[in-house]
Structures are given as structure tokens and as C-alpha cells.
Amino acid sequence: MTAPARHLTLPIEGMTCAACTGRVERVLKRVPGVEAVAVNLATGRATLDLAPDNDPVALAEAVEDAGYAVPEAVSEVSVGGMTCAACTGRVERVLTAIPGVRAASANLATGRVSVRHPAGLVPLEAIEAAVREAGYEPRPVAAPTDGAPAAPREAGTLTRDLIVAALLSLPVVVLDMGAHVAGHDLLPGRWSAGIQAVLATLVLAGPGRRFFARGVPGLMRGHPDMNALVALGTGAAYLFSVVATLAPGVLPAGAAHVYFEASVLIVTLILLGRTLEARARGRTGAAIARLVGLAPKTALLLRDGAETEVPAADLRVGDRVRVRPGERLPADGRVVEGTSRVDESMLTGEPVPARKGPGDPVTGGTVNGTGALEVVVERVGADTALAQIVRMVEAAQGAKLPIQAVADRVTARFVPAVLGLALLTFLAWFALAPAPSLGDALVHAVAVLIIACPCAMGLATPTSIMVGTGRAAERGVLFRSGQALQALEAVRVVAFDKTGTLTEGRPSLTDLIPAPGQDPEAVLAAAAALEARSEHPIARAIVAAAAERGLALPPVTDFAAVPGHGITGRAGGRAIAVGAARHLAGLDLAGLTPHAEALAAQGRSPVYVALDGVPAAVLAVSDPIKPGAAAAVRALADQGLTIALVTGDDRRTAEGVARTLGIATVRAEVLPAGKRDAVRALRDQYGPVAFVGDGINDAPALAEADTGLALGTGTDVAVESADVLLMAGDPATVAEALRLSRAVMRNIRQNLFWAFAYNVALIPVAAGALRAFGGPSLSPILAAGAMALSSVFVLGNALRLRRA
């Protein structure tokens, strides 16, 4: 029976008219296997039926060839059963083999996989089917607030199995080791071996079943993982012991020894390691759990003059809520009544509560102080700042850094290489060791299988990222991606914007010097009328000064803004221009220029005003330097970094601020595109650049920089253009972000070194290299303990970052 056609819905970007929809329909219809094409301009989507054997990638290619685009989507799936780096590599390979998938990234620490593909072309069912085919169990990704975290649940299951394995293994160890201590069997030989066989069977069939259930299928498919190594090692020791117990005559003379204690202790020790690992992984995600826990469960809804306690999840935009002293705000909103101080340290890391009154924005999850507030809800659910922070931290924690590529390449071939080494070890000992050599050959081969686990390699990078980005979030530093962590470590120069970044961004008018014959109040009213249309901090200062003097502002027409230059328009029947000297090019500013230069030398920002094409006045605006700016610059300089100031302000003003802060490199009077060029020039001169800004005009520089850092108090455009978000709006957090980045990358390198060095050093010991020269050998039991210790060591080292 023929499989039914797939019904697909594709979002299409770039369509603007009916001609666009017609073109998209035509190109899609020409793709083989496509039927029933319909393109909707209003929704920006195309629906069609595709024959089951046809490649969906051809659809995206056809749309792109026509000049439009199918946007990229990211699907996330939680994957059960991944235990080592070989598992993550296997999952990534099967997912990238799905037609349409552009990239897949599996994270051992989070137990998730992210799949990038054209939107609408790769259904979630196909991803889940591929995961199952690889031998793992796909699960839907739960919301951060849904149920208990996966790591604690896994730790509970492992703890139960560990206790069962330990209780069953104890008699086996007593019977085996007791015979060595006492010099004779504690029970008759057949009885002792029989009891050990029964208990070992219970251990391997019960708590140890997971290794065989996951390892054997992978081995049969030709994709062995850590479970396969354990299954082979414990299975070989168990089966050899069973044969030695039930049919010793089939073995060479003197070789009929039992190794039940090795098989059960390997299972017990590996379960111990995994239990400790699961608990540690739970602590690596503690930052997200704490963030999620900040959101209150209930809210006091005000309706018709009455208070009603409702679940916070039921709030809607426009609802009015009351927040009593000491309570957490249930959603993002704006204060409409009452005054208080709100502790926003969960967002900014700043311990001093912020004063809030009518008209001030507040954020869900922050803590109200001693006053009562009434708040109108503006954002709920996934749109709140807290939810966005959680998503940002999760995205960073799930990222795969470039440094991990080396580990991935090694682990892709690691397990097959270990199987080959174990076989070679067995053959070498069996052929070269003195008879009876079968027992020695088996013991050393099992030790190689058990010691060479790639778990530590798989955990080395993601656990450090999880802990590091979580700690950074607690300090008000949000990394948009894991890659930003690595890129920030490499920067050699930090370039700052001035206004709103190093200064308060709340300038005030300090001077108004009119040209001869000009009325200062008329000039100020005209300038303020135009500046009232602008969002620039200097504009707000001029408007505020006019309001303080009670000046009436004439209506404005023909308003136009020239970024980096100034503004023009008509007000009160006069043509007005306000801005920098370059904005008034062609006018004779000679009478005002000396005043402007003197004001700029004092660190003030001069602004020229022209009325009807005649220079009318120079205004001066002063923007106070932020209290922590000088300390921030010193802290960065102490780290050996070059500090630069890149601003569109007047050069004399910029140099005055730079002198105050101790910044030697200044790029002033640059337009937004010029800031981007300044970043490129700094990179060519010094190396990788981090740019710190907060305004719309900083967006090109933030995007151009190797790492862009935006202050959380800045504009949405700046925030979206940046790689790192500094929630506090304090330049001092730049140095903190750099220190955190370096601490995380140092931690990752330590983990990778340990993971690789451990295997390089101990595999030859497990193979018996030292014993061949009269030294000691490594038993399978010690190999299991060392293997478990390697993963626990890596996790413990990563957890040190919680104190960074």
C-alpha cells in the first residue's frame, strides 16, 4: 500500500504582494512530488502535499532560488539513555542524516538535543523516530516549571539501584575476599561458587540490566557506547565464572577461577559514579531552578474594588494586581499606585533596592520592600523578563563550544578503538603469558574495557558551561550563547560607548550662549520643540530645561532626524536645525565655536542651534559619569586589556571624559557606521574586540565586535544586537563578565586535560603494561572505581564555578 502524502506548512519570508505569492506557488509546483500548493500572503505561509519519498530540502531550495526564504527553526528533544560522549555523537549523526536537518547538537549534561532545520520541513515525529532508531528514548521538553527536574529523578532511581546492587554484592565480596584473608574457602567450594553465581545473576539482571539493555543493541548496530564496554566487561567476567562453576573441565588446567566479585563490583561502582554524577548534574542546573522558583505561584487580583487571590499563571495583560510588602511581583508591569523600594538583585546583581513609584516599570520575580504597590500587568507567561532570562540561560547552557570539537572528533573513534585494544590485550596475554594464561588474559581485557569510558570527555565542556552561565546569570550577566563565553575570553581590547554606558545617560542643560541679537528663551523653546520628537538623552535634557523655565513649545512640522548629525524641522514658522557642527556645515559658526570648544574642554557636550539658516546659540549639556565607571576601566586595565572610547560626541567632550576615566584611546565624532569601522580598526591594531554600548546607534558596532555587550538599561535594538547582556547597566560588570568567561574556559581546559590524560595514562596500565615489567596490574574492580572517579572529578571541578 502506498504511503500517504505529507501535508506541510512552510513559513515564507519576503513576500510583499500577490505577484510574490504567485511566484512562490509556481516554483513549489515545479518541485517533484508536490501537489495542492496554496500560498497565503496574509499569513506568510505556504501549504502543500509532498509525496513521501521526495526530499523536503528541495522545497526550501526552490523558495530561496525564487528570492524568498524559509526561516530556520530549532526543535528541542529530551533524550533518555545518553551516558557518554559516544552517545551524543551517535545521536547527532542519526539526526543530521534526516533530510532537511542542517545541524544537530546533543548535550550530555542537559540530556537534550537541539536540531536546526528549515521551519515546517522536519516534523518532530521524524526527529523522535531517528532518536529511537539510534537506541535512545525521546521525550518532550518540559517547561522549566513542569514537575521535578530530570536530574534529581534520575538520581533517585540510580540511588535505589545502587543500594540493591551493594546489598547483593556484599555477600559475593565476603565469600571471595574472605577466602583470601582466611587462607581457605568460608564455604565448601561448590557452595561458595553457587551462591556467588546466584547473587551475581541478580545484580546483572536487576540493577545492571540497564548496561545490557542499552549496550548490546548499540554493539549489534555497530555503534558501541560506554554501556557496551561495561556490558562486555561484566558479561565476559560473569560468563567465564559461570563456565568455571558449572563446567570447569572445558577450561585449561588451572584456569577455572571465578570472577563474580569483579562483575558485581564493576556494576556497583559504576552505579555509584552515575549516582554521584546525576546529583552533581542536578546542582549544575540549580541556577535555572532558582530563577524559575522566583516566580510567585499566586497573585492578588483587583477587580471591581475587590481582592481575589488567583494563580499567577491566570493573569492577563491589563489586569491590576496588588503587591504587599515583602511579596514577589507576579508579572511584569507598571506601577499605577503606591511607592516602595524593590529588590531587583535577581535581575541585576545590584544589592541596593530601586525606588519605584507611579509610572515606573517593575519586573516579575523581584521583591517588593516596605510599601504597598498596585501594578497593571503588561507582560505575562513566556513574555516576562524572567522567562526570557531562563530561555537565554538554557540556550547558552545547551550550546556546543568550538573547543569541544576536538573532544568530539576523538570520542567518535574512541569506543571502537577501545574494543580493538581490549581484544589485542586478550590475545597478547593469552599467547604470551605463562600457562594457564586464560584468566590473566580475561582480567586485563575486562580492565581495559572498563577503564576506558568516555563519560568524562562528554561531560567536560557542558557541565562547565551550565555552572558558569548559571553563576553569571545570578550576577546579572546573561550570555546569549555558549560561543560568547569562549569569544569573550579571547578579547584584547574593550571599546566603550560614552552616553548611557560610561555616563548616566541623563544629561542636563548647563549652558546656553546665544549669538548676538538672539533671545535665549526663544532659541531654547525652538530647540526644545524639535528635540521633543527625539529619544536622544541630550534631547531630553533640552526639553527638560525648557519645561523648568515654563516655556511654551510651538508646534512642529517637517521633522527629520539625521543619525549622528542632528535634527531639522519647522516650528513657529521658522526653519530650525539642532545638532553637531557637521550638521550645520556651510553656516558661519566662527562666533560660537570658541564657546563650544571651551565647553567641550570641560567635558560638556556642545550643541549648535540655527534659526532660519543663521547660527543662533550654542547649548551645553553635561552627562555625569557613572560612579562605577572609573573602577570598571581600572579593573579592565589591570587584566592587561586596552581600553578605548568610541562615541559620536564632540572630540573635546570625549577626550575630557576619557581623561577623567584614564582611557588613552579615543575615537570621537563617529557616526553609527563609523563605530563599526572603529571596531574593525581596533581589531586590526590590537586583536579581538569587545564593544560595550546601550543605544540604537551602537547596534552596528555591537554586531561587528567579536563580542558585543549591551547594558540591560539600553534600547531593545542594542540588546538584540549583543552577545552578552549586562542586566545591571553598570560598566563594572564588564570586568566581571570577562573574569567569568576566563574562569569557565580555564575550567573546561582542566576538565578536558583530565579526561584525556586519565585515559592515556591508565589504559596501558589496565592492559598490564607495568606487570609485563614486574610492576603492578590494575584489576577490573579498581578500573571501575577509577572510571567512576573520572566523571565525578570532572563534575566536581565544574561545580567550583558556583563560587566564581
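- Where an unreviewed UniProt entry is consulted, the protein appears under the name P-type Cu(2+) transporter, with the organism given as Methylobacterium variabile.
- Per its UniProt entry, the protein bears the Catalytic activity (unreviewed entry) comment "Cu(2+)(in) + ATP + H2O = Cu(2+)(out) + ADP + phosphate + H(+)".
- Regarding the protein, the relevant UniProt record gives this comment under Sequence similarities (unreviewed entry): "Belongs to the cation transport ATPase (P-type) (TC 3.A.3) family. Type IB subfamily."

1. Some remarks on the UniProt feature "transmembrane region" (unreviewed entry) in the protein
Phase 1: Per the UniProt record, "transmembrane region" (unreviewed entry) is found at residues 162–183, 189–207, 228–250, 256–273, 414–435, 441–461, 752–774 and 780–799.
Phase 2: Summarising residues 780–799: 100% helix, 0% strand, and an end-to-end C-alpha distance of 29 Å.

2. Thoughts on the side chain of S605
Phase 1: Within the secondary structure layout, S605 lies in strand β23 (residues 605–611).
Phase 2: Residues within four places of S605 in sequence aside, it is in contact with K498, I538, L619, A620, V621, D649 and T653.

3. Observations concerning the pattern of salt bridges
Phase 1: One pass over the structure, following the stated rule, counts 27 salt bridges.
Phase 2: In this structure, R322 engages E374 in a salt bridge whose closest nitrogen and oxygen atoms are separated by 2.7 Å. Highlighted residues: R322 in strand β10 (residues 320–323) and E374 in strand β16 (residues 373–379), separated in sequence by 52 residues.
Phase 3: Residue classification places R322 among the partly exposed residues on the basis of a relative accessible area of 26%.
Phase 4: Among the residues examined, E374 registers a relative accessible area of 10% and is labelled buried.

4. Section: the packing of helix α15 (residues 455–474) against helix α25 (residues 732–766)
Angle between the axes and distance between the axes: these two values describe a pair of packed helices.
Phase 1: It is at 9 Å that the axes of α15 and α25 come closest, and there the two elements cross at 165°. Between α15 and α25, the crossing angle belongs to the class labelled roughly antiparallel. The crossing of α15 and α25 is right-handed. Residue-level contacts link A456, M457, A460, T461, T463, S464, I465, G468, R471 and A472 of α15 to L740, V744, N747, I748, N751, L752, A755, F756 and N759 of α25.
Phase 2: Taken together, the residues of the contact of α15 with α25 break down into 11 nonpolar, 7 polar and 1 charged.

5. Considering the packing of aromatic side chains
For any pair of aromatic rings, the description consists of the separation of the ring centres together with the inter-plane angle of the planes.
Phase 1: If you walk through the whole model with that rule in mind, you get 3 aromatic pairs.
Phase 2: Seen in terms of ring centroids, Y238 and F260 are 6.0 Å apart; in terms of plane orientation they differ by 65°. Their pairing is edge-to-face. One end of the pair, Y238, is in helix α8 (residues 226–246); the other, F260, is in helix α9 (residues 260–284), with 22 residues separating them in the sequence.
Phase 3: Accessibility expressed as a relative area gives 17% for Y238, which makes it buried.
Phase 4: The exposure class of F260 is buried, given its relative accessible area of 0%.

6. A closer look at the UniProt feature "domain: HMA" (unreviewed entry) in the protein
Phase 1: Summarizing the sequence annotation, UniProt attributes the feature "domain: HMA" (unreviewed entry) to residues 6–71 and 73–139 in the numbering used throughout.
Phase 2: Counting secondary structure, residues 6–71 comes out at 32% helix and 29% strand; the distance between its end C-alpha atoms is 20 Å.

7. A short note on the domain arrangement of the protein
Phase 1: Each domain of the protein was delimited in the assignment, giving domain 1 (6–66), domain 2 (72–139), domain 3 (150–294), domain 4 (298–383), domain 5 (476–503 + 625–739) and domain 6 (508–622).
Phase 2: In this structure, domain 1 and domain 5 have C-alpha centres spaced 43 Å apart.

8. Here's the deal with the packing of helix α20 (residues 629–638) against α25
Phase 1: Interaxial distance between α20 and α25 falls to 7 Å at its minimum, and their mutual angle equals 25°. Taken together, the axes of α20 and α25 are roughly parallel relative to one another. Taking contact as the criterion, the partners of A632, A635 and L636 in α20 are, on α25, A732, V734, A735 and L738.
Phase 2: Per-class residue counts for the contact of α20 with α25 are 7 nonpolar, no polar and no charged.

9. Some details on the sheet that holds strand β21 (residues 566–571)
Phase 1: What the 6 strands build is an open sheet, ordered β19-β24-β23-β22-β21-β20; its pairing is antiparallel. Of all strands in the sheet, those bounded by a partner on one side alone are β19 (508–514) and β20 (556–562). Direction aside, neighbouring strands of the sheet carry axes that sit 20° apart on average.
Phase 2: Direction of pairing for β23 relative to strand β24 (residues 614–622): antiparallel, over a ladder of 7 bridges. Pairing of V609 across the sheet is with A617, part of β24.
Phase 3: Against the sheet, helix α17 (residues 520–531) engages β19, β20, β21, β22 (574–579), β23 and β24, with an angle of about 110° to β21.
Phase 4: On top of the sheet, helix α18 (residues 537–548) reaches β19, β23 and β24; it is set at about 100° to β24, its chief contact.

What counts and what doesn't
Residues numbered from 1 in each chain as written. Predicted model: local features only at pLDDT ≥ 70, side-chain atom pairs only at ≥ 80, totals over all residues. Heavy atoms only, no water. UniProt positions renumbered as here; feature names shortened; annotations may be inferred. Helix = DSSP H or I, 4+ residues; strand = E, 2+ residues; numbered from the N terminus. Contact = heavy atoms within 4.5 Å. Salt bridge = Lys/Arg side-chain N within 4 Å of Asp/Glu carboxyl O. Buried < 20%, exposed > 50% of the residue type's maximum accessible area, 1.4 Å probe, protein only. Axes fitted to C-alpha atoms, helices over the stretch in contact; angles between N-to-C directions. Parallel < 35°, antiparallel > 145°, perpendicular 65-115°, else oblique. Left-handed = near helix turned anticlockwise from the far one by under 90°. Nonpolar A, V, L, I, M, F, W, Y, C, P; charged D, E, K, R; others polar. Phe/Tyr/Trp six-rings, centres within 6.5 Å; stacked < 30°, edge-to-face > 60°. Domains from an automatic or database assignment. Pairing = 2+ DSSP bridges.

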